[in-house]
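Single-letter residue listing:
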Amino acid sequence: MADLSINFAGIRAPNPFWLASAPPTNSGLQINRAFEHGWGGAVWKTIGAPVLNISNRYSGLSIGGQRLLAINNVELISDRPLDVNLREIAEVKRLWPDRAVIVSAMVDADPQAWRDIVMMIEDTGADGIELNYGCPQGMSERGMGAAVGQVPEMCELNTHWVTSVTRLPVIVKLTPNITHIIEPAHAGIAGGAHALSLINTINSIMKVDLDTFQITPNIGGRGTHGGYAGPAVKPIALNMLTELMTDPGVLRSGVPVCGMGGIVTWRDAAEFMLLGATAVQVCTAAMHYGYRIVEDMIDGLSNWMDDKGFATIYDFAGKSLPQVSTFGQLDLSYQAVARINPDKCIQCNLCYVACNDTAHQCIDLYSADGIRVDPGFDPRMNGRQVADSRPVPVVREPDCVGCALCANVCPVDNCIEMVSVPSGRESVTWDELTAARPAVTQSWAAMEAYRAEAGIEIH
Amino acid sequence: MTSIPSGSSSPPDSAFSSPDLSSSGSAWQELLPPMTEHEASVEANRCLYCYDAPCLHACPTHIDIPTFIRKIGTGNLRGSARVILESNFLGGTCARVCPVQELCEGACVLGADHKPIQIGRLQRYAVDHVQERGLQMFAPGTPTGKKVAVVGSGPAGISAAAELAKQGHAVTLLEKRELAGGLSTYGIISLREPIEVAQREVDAVRALGVDVQTGHELSGAAELGILLNEHHAVFLALGLGAVPAMGIPGEEHVLDGLDFIEQAKLNPASIQPGHKAIVIGAGNTAIDAATMARRAGADVNMVYRRTEREMTAYRHEYEFALHEGIHFTFLTQPIEVLSKHGKVTGLRCVKMALGAPDASGRARPEPVKGSEFVIECDTVIKAIGQEKPALAEVLGLELEGGYIKVNDDLQTSLPRVWAGGDGVRVRGSASTVMAVQDGKIAAASIGAALMTDVPAD
């Protein structure tokens, strides 16, 4: 059985699944229950400056009847009295010495304010501090949250004020609402951060009500942008994580990164870990289904690690990073084509319409007796038996550019496979090609000449 | 509360615990409940939205099923209903009575390894949405000055009348019965289609400006001549005749299955099949009659001279009947209805054995000597098919196998006379949805003929 325990910047936890700083970690009662379900850690909902919340705080993204593919919130940091939070943090830590209890904090950009809150957090016995530089609404207008995270100088300064006064590990939580994630990451590291976490929520307007014409959540007839999270943001989070984990500055610093953004299952968590995260945080999925989801996260990850022969998280953390490249270093001579498995194909023809309307027109329909046919039907025919003589889609491989659209629209798992085929051309990257023949970047004539030489035919 | 006759006991293996047998009672309600908004949304979103979809090919009226389902998914119910109704004006009826397992749902690509989309119920959801609100999806076409008479207001007649009105022709729809709608109104049990559904379709064809004249029977060739004098074309949607005679002693005590179904539909509380009922036949109509007798509290036995394998009822109908607790006695031929003081007491039968295949390709049943026996019963109902259209011959139409002979465009042997529906179809291939398609084909053919040049003879 795999060992899921982690030591994240000195913070120990029996497993890498932490609840993110958010409504699921609002109180001691909740976190006690979460720990009973097995969560390895919890980042307490941000404490700090006094706030007031509003009602109608959330709006969900549903697609095709699937609920909460994403959630948007306009909730602020903890609105509970500071002393109540601090007392409960201490109690939880005392009851759960083996779990990671991290306190998220956000105060005015003032060294004294930071010193005060840090001292109070240290007194609770908590294992670490997370600096919330992400909150995209409500707090940012007051110079906190994203207002800090979006200005690298502020990020470094605030971090420094904290790291210079505490013995606890400090995690800087980055906002994704920025052009280049590396800048605030470097600033946090320069400010003495022991770890980074990302992503916080993304600025969003969730939707407009077509009856009332109001945006949601509707707060008494008004709305505002909120923070976007949940399954739909995962690819954005994975990209930002990858940017950090391939950045020489971040790598040199050696700070670990805690990944979050759309993690619902152990599979999502494993993907974050393969791209370098050594702990993960979860919020939306817990808000959708409750704390109980952690059981399968632990169980599934452990079984997968056993299957793959990984004894610890560190055996596979970052394992996919060497494959991360730039466009310029991709092999232009690599050729793949789509192949449709006729035994698995259910003849929905979604590949056919996708390829013919929006890709490269290289899927044909063939009747059972091997004749190419057009879509359509004989209006005099009817009955279920029409399905028995339905034509099947077949890829015209010489014309297939290997875009993989068909494989992505196919509703049947593993029915359309992208098969690597020899292109007959020497391996060459764009960087190599343009270094050798700079003219191809400037002139179509030069490009056509190269194509003719290399035998590249564009239909 | 319930109107179970005193002295009757609850039938064994009842599919329901305490049926309400009053006219609007639970025993007569539609078998499938309407979909809820959530149910419809989940089911619509399960549809893959196939391209050039097999369900569309399988539908005899070629409704663009993926498109109407997608519109349910996007919350565009009016648009969804329009897509259905423009291919099939009787989409509300077909959603209920079509043998979807044999048609659209049977062809669904999801059927192979899991459940096909519930196309029938989704169609009902969309069509009911507009028809319960009295919304009309179509307007009459620009008047062409051409007049068409449609005889018979069953599915073929309504379908043709609607399509012709949409083309702008002045349409008169003649119906001999008190209510329009044909078999949808009188011949489909309420468990499958409540009478209101058929009447809403009649309302919809009226809203297109069609002059629906009930109580008007086409009786003979002279009257057809008058119709042809007053109209540019005539479409005959006459349906079929009564249940044929069996020619056995005591037959006068036997109830006609279609009459029984009609009575059960118009006033379900009035049917009194007694404790034990026998239904002769094993087609879909026989099962419908048996179902109503069963729901009225009788122990029902279906008697059929061949076996389970040869019965013409759809497999799913047979399974439904078994689930209702209806018994089947196969390889049994009735030979005499026994009665006492005018009341049925039993049915004398003879056992049959299957011999060589007959003209229909099915094994010919032959009586087994000395195997006669009596089944005690209070009621005997026959549902052994319908007589071929007797009127057709009277009208001077050329026939083919007893049915009205038509070409691919549904033109009959008489100039300016088209025909469609059950009256042109051989046994086994007749159905509501085929009749609707006939109406469309005939309307297209009539329209083309009227708008080119029809000699006004």
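Throughout, residues of each chain are indexed from 1 in the direction in which the sequence is written. Following the order in which they are written, the chains are lettered starting with A and the ligands numbered starting with 1. Where totals are concerned, whole chains, interfaces and linings use all residues; where local detail is concerned, this predicted model gives features only for residues with pLDDT of at least 70, and gives and counts side-chain atom pairs only at 80 or more.

(A) How the structure looks around the overall build of chain A. Counting its secondary structure elements, chain A contains 15 helices and 21 strands. Oriented by its inertia axes, the alpha-carbon framework of chain A measures out at about 80 × 60 × 50 Å. We call two residues in contact when the distance between their C-beta atoms, placed using the backbone, is within 7 Å. Summarising the internal contacts of chain A: among those between residues at least 6 apart in sequence, 74% fall at separations of at least 24. By the criteria applied, helices consist of DSSP H or I runs no shorter than four residues and strands consist of E runs no shorter than two, each listed in order from the N terminus.

(B) Spotlight on the domain arrangement of chain A. Each assigned domain of chain A is listed with its residue range as follows: domain 1 (6-322), domain 2 (327-427) and domain 3 (431-459). Summarising the inter-unit geometry, the C-alpha centres of domain 1 of chain A and domain 3 of chain A are found 47 Å apart. The split of the chain into domains comes from an automatic or database domain assignment.

(C) Region of the structure containing the nonpolar core. Residue and element names in this part refer to chain B. For this entry, the nonpolar core is defined as buried Ala, Val, Leu, Ile, Met, Phe, Trp, Tyr and Cys residues connected by C-beta atoms within 7 Å. Residue burial here comes from a neighbour count, namely the number of other C-beta atoms, placed from the backbone, that lie within 10 Å of the residue's own C-beta, with 20 or more meaning buried, 12 or fewer meaning exposed, and in between meaning partly exposed. The biggest cluster of nonpolar side chains holds 154 residues, and the ones touching the most others in it are A161, F235 and V279. A total of 9 residues in this core trace back to one element, the largest contributor, which is helix α16 (residues 432-451). The residues contacting V279, other than those within four sequence positions of it, are A286, A289, A290, A293, V300, M302, I381 and A383.

(D) Fine view of the sheet that holds strand β11 (residues 202-204) of chain A. Residues and elements named next belong to chain A. Taken together, the 4 strands give an open sheet; going across it, the order is β5-β6-β14-β11, and neighbouring strands pair in antiparallel fashion. Pairing within the sheet leaves two strands with one partner each, and these edge strands are β5 (58-63) and β11. Taking the axes of each pair of neighbouring strands and ignoring which way they run, one obtains an average angle of 45° across the sheet. Pairing between strands is defined by DSSP: at least two bridges between them are needed. Relative to strand β6 (residues 66-73), β5 is paired through 5 bridges, and the arrangement is antiparallel. Across the sheet, I63 pairs through a bridge with Q66, a residue of β6. Axis definition: a line fitted to C-alpha atoms, limited for helices to the stretch in contact. Angles are taken between N-to-C directions and run from 0 to 180 degrees.

(E) Focus on the environment of I293(A). All names here are of chain A. With respect to the helices, strands and loops of the structure, I293 is situated in the loop between α10 (284-289) and α11 (294-308). When the C-alpha atoms of I293 and V264 are compared, they prove to be 8.2 Å apart, with 29 residues separating the residues in sequence. Once you skip the residues sitting within four places of it in the chain, I293 turns out to touch A285 and A286.

(F) Region of interest: unusual backbone geometry. Residues and elements named next belong to chain A. For the peptide bond that leads from L198 to I199, omega is 10°, which places it in the cis range. Secondary-structure assignment places I199 in the loop between β10 (195-198) and β11. The omega torsion across T216 and P217 is -5°, close enough to zero to call that bond cis. Mapped onto the elements, P217 comes out in the loop between β13 (215-216) and β14 (226-229).

(G) Representation of the sheet that holds strand β5 (residues 255-256) of chain B. Residue and element names in this part refer to chain B. One open sheet accounts for 5 strands, arranged β5-β13-β6-β7-β8; its pairing is parallel. Both edges of this open sheet fall to β5 and β8 (327-329), since each of them pairs with a single strand only. Both strand β6 (residues 276-280) and strand β7 (residues 299-303) contribute to a ladder of 5 bridges, which runs parallel. Among the inter-strand pairings, V279 is bridged to a residue of β7, identified as M302.

(H) The arrangement of the environment of M119(A) in detail. All names here are of chain A. Relative to the helices and strands, M119 is located in helix α3 (residues 111-124). A residue is classified by how many C-beta atoms lie within 10 Å of it, and M119, with 11 of them, is exposed. The spatial distance from the C-alpha of M119 to the C-alpha of V162 is 9.8 Å, given a sequence separation of 43 residues.

(I) Examining the domain arrangement of chain B more closely. All names here are of chain B. Looking at the assigned domains, one finds that chain B contains domain 1 (28-131), domain 2 (147-241 + 387-451) and domain 3 (251-382). Taking only C-alpha atoms, the centre of domain 2 and the centre of domain 3 are 31 Å apart. For the side of domain 2 that touches domain 3, the per-class residue count stands at 4 nonpolar, 3 polar and no charged. Only Asp, Glu, Lys and Arg are considered charged, only Ala, Val, Leu, Ile, Met, Phe, Trp, Tyr, Cys and Pro nonpolar, and every remaining residue, Gly among them, polar.

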